[in-house]
Amino acid sequence: MQHGQVITESAYPDTLQYGSVQDAWGGKLHDGNAVQGSIDESERLYTAEWRDSAPIQATIMAVVLILLFSVRKIISIMPSLLGAFIRVKENFNIEDSLRLRRNRNQITAMSAISITLIYARYKVLPLGSIGIDGPLQTFAGTIAFFLILWGYRYAACMLFSRFSPKDRAYRTAKGASYTYFTITVALSCVTAFLLFISGTRDMESIRTALLITAAVIYSVYLVREIQIFIHSACPAYIVFLYLCSLELLPAAAIVACILL
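So, how was this worked out
Residues numbered from 1 in each chain as written. Predicted model: local features only at pLDDT ≥ 70, side-chain atom pairs only at ≥ 80, totals over all residues. Heavy atoms only, no water. Salt bridge = Lys/Arg side-chain N within 4 Å of Asp/Glu carboxyl O. Helix = DSSP H or I, 4+ residues; strand = E, 2+ residues; numbered from the N terminus. Buried < 20%, exposed > 50% of the residue type's maximum accessible area, 1.4 Å probe, protein only. Phe/Tyr/Trp six-rings, centres within 6.5 Å; stacked < 30°, edge-to-face > 60°. Lys NZ or Arg CZ within 6 Å of the ring centre and 35° of its normal. UniProt positions renumbered as here; feature names shortened; annotations may be inferred. Contact = heavy atoms within 4.5 Å. Axes fitted to C-alpha atoms, helices over the stretch in contact; angles between N-to-C directions. Parallel < 35°, antiparallel > 145°, perpendicular 65-115°, else oblique. Nonpolar A, V, L, I, M, F, W, Y, C, P; charged D, E, K, R; others polar. Core = buried A, V, L, I, M, F, W, Y, C linked by side-chain atoms within 4.5 Å. Left-handed = near helix turned anticlockwise from the far one by under 90°. Expected span 1.5 Å × (residues − 1).

As named in an unreviewed UniProt entry, the protein is DUF4271 domain-containing protein, taken from Candidatus Merdivivens pullistercoris.

Laid out in structure tokens, this is it:
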């Protein structure tokens, strides 16, 4: 008798017939492969390739070491970052202080490496739609995406500040983008960590949580940015053009790429 079969009586009393266990239970046995919270084969393969990628693992180790050596600097700047998140005045204070601004920029640079790792690990950006699937290729594509975004924002901000008498407002707004970017990275790391230790392995769920985190912080940043220009008495049409060029159009393009 083979495993997984049961014996049933046939029409002839002196003979036996074999049937499947699933038929014996009415065909409603639980499928052992359909485990709730399990990941599909493509995600499993991506995770294995991510762990086996020497350049990625070396980058992760380097980031961890840099963060360990920068703990004191991170702790010293954290109150100012939280203050800038709560009230608009602290954004001006950071830009007016050479020490705070330098420390903030250094932490932001480290945060950029961290967020590229997190976004590449969970494939937050829809790079697969253009044929980028492997972990190393996804990591490189994510880095390229952030570099292009940063370059565009930097060039546009310099253009506005050059032709406007309110140079301090644009410098503060640009600095605020670094501040809120760092806050986004910190909360994204916390979100991914909490989901991981809670047992969540579904990449789609983690991607959704990371995108929601980024959207919430970005919404607060937009409010603070408008408050910065209002505080600096900038003309309304300049503020509108600035927000459309640096915020609304890039954000709409990114959202469209993610949804489509």
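J.: Looking at this structure, I do not really get the pattern of salt bridges. What am I missing?
T.: According to the stated counting rule, one finds five salt bridges in the structure shown. With a closest N to O distance of 2.8 Å, Arg 168 and Asp 96 form a salt bridge. Placement of the pair is Arg 168 in helix α8 (residues 167–197) and Asp 96 in helix α5 (residues 89–96), with a sequence separation of 72 residues. For Arg 168, a relative accessible area of 34% translates into the label partly exposed.

J.: Explanation requested: the packing of aromatic side chains in the structure shown.
T.: Here a ring pair, both rings aromatic, is described through the centre-centre distance and the interplanar angle of the planes. Overall, the coordinates contain 11 aromatic pairs when judged by the stated rule. Centre to centre, the rings of Tyr 180 and Tyr 221 are 5.5 Å apart; their planes meet at 50°, and the pair counts as tilted. Placement of Tyr 180 in helix α8 and of Tyr 221 in helix α9 (residues 203–231) is noted, with a sequence separation of 41 residues between them. When sorted by exposure, Tyr 180 lands in the same class as Tyr 221, which is buried. An aromatic cluster is present here, built from Phe 85, Tyr 180, Tyr 218 and Tyr 221 joined pairwise through their rings. Sitting above the plane of the Tyr 122 ring, Arg 121 keeps its charged end 4.9 Å from the centroid.

J.: Sorry if this is basic, but what is going on with the UniProt feature "transmembrane region" (unreviewed entry) in the protein here?
T.: Mapped onto this numbering, the UniProt entry gives "transmembrane region" (unreviewed entry) at residues 60–86, 107–124, 136–156, 177–199, 205–223 and 235–259. Taken end to end, residues 136–156 is 100% helix and 0% strand, and its two terminal C-alpha atoms sit 30 Å from one another. Split by type, residues 205–223 is 100% helix and 0% strand. Its first and last C-alpha atoms lie 28 Å apart.

J.: Hey, could you run me through the side chain of Thr 172 in this one?
T.: Following the sequence through the fold, Thr 172 ends up in helix α8. Apart from the residues lying within four places of it in its own chain, the contact partners of Thr 172 are Asn 91, Phe 92, Glu 95 and Ile 228.

J.: What's the story with the environment of Ile 115 in this structure? I'm lost.
T.: By secondary structure assignment, the location of Ile 115 is in helix α6 (residues 98–121). Considering only alpha carbons, one finds Ile 115 and Thr 184, 69 residues apart in sequence, at a separation of 8.8 Å. Excluding anything up to four places from it in sequence, Ile 115 contacts Phe 146, Phe 181, Val 185 and Ser 188.

J.: I keep staring at unusual backbone geometry and nothing clicks. Help me out?
T.: Trans peptide bonds make up the majority, and among non-glycine residues the majority have a negative phi. The residue Lys 123 is not glycine, and still its phi comes out positive at about 50°. On the secondary structure map, Lys 123 appears in the loop between α6 and α7 (135–162).

J.: Sorry if this is basic, but what is going on with the packing of helix α4 (residues 71–86) against α9 here?
T.: A packed helix pair is summarised by two numbers, namely the angle formed by the two axes and the spacing between the axes. Two numbers describe how α4 lies on α9: the axes approach to 9 Å, and their chain directions differ by 70°. Classified by the angle their axes make, α4 and α9 are roughly perpendicular. On α9, the residues touching Ala 84, Phe 85 and Ile 86 of α4 are Ile 217, Val 220 and Arg 224. Considered class by class, the residues forming the contact of α4 with α9 number five nonpolar, no polar and one charged.

J.: I'm lost on the nonpolar core in this one. Help?
T.: Generally speaking, a soluble globular protein has its nonpolar side chains buried in company with each other. Core analysis: the biggest nonpolar cluster contains 21 residues, and Trp 50, Leu 117, Tyr 119, Tyr 122 and Leu 210 have the highest contact counts within it. Those elements giving two or more residues to this core turn out to be α2 (41–52), α3 (54–69), α6, α7, α8 and α9. The element best represented in this core is α6, accounting for five residues. Dropping the residues within four chain positions of it, Leu 210 is found in contact with Ile 118, Tyr 119, Tyr 122, Val 124, Ser 188 and Ala 192.

J.: Help me understand the packing of α8 against α9, please; the structure alone is not making it clear to me.
T.: Running from amino to carboxyl end, α8 crosses α9 at an angle of 160°, the nearest separation of the two axes being 9 Å. Comparing the axis directions of α8 and α9 gives the class roughly antiparallel. Between α8 and α9 lies a crossing of right-handed hand. Here the contact of α8 with α9 is composed, by residue class, of 18 nonpolar, six polar and two charged.

J.: How should α9 be read in this particular structure?
T.: Given 3.6 residues per helical turn, the α-helix brings residues three or four places apart onto the same face. Under the 1.5 Å per step criterion, the end-to-end length of α9 is 42 Å for 29 residues, consistent within 8% with the ideal 42 Å. Buried within α9 are the following residues: Met 203, Ile 206, Arg 207, Leu 210, Thr 213, Ala 214, Ile 217, Tyr 221, Arg 224, Glu 225, Ile 228 and Phe 229. Among the residues trailing α9, Ala 233 stands out with phi positive, at a value near 60°.

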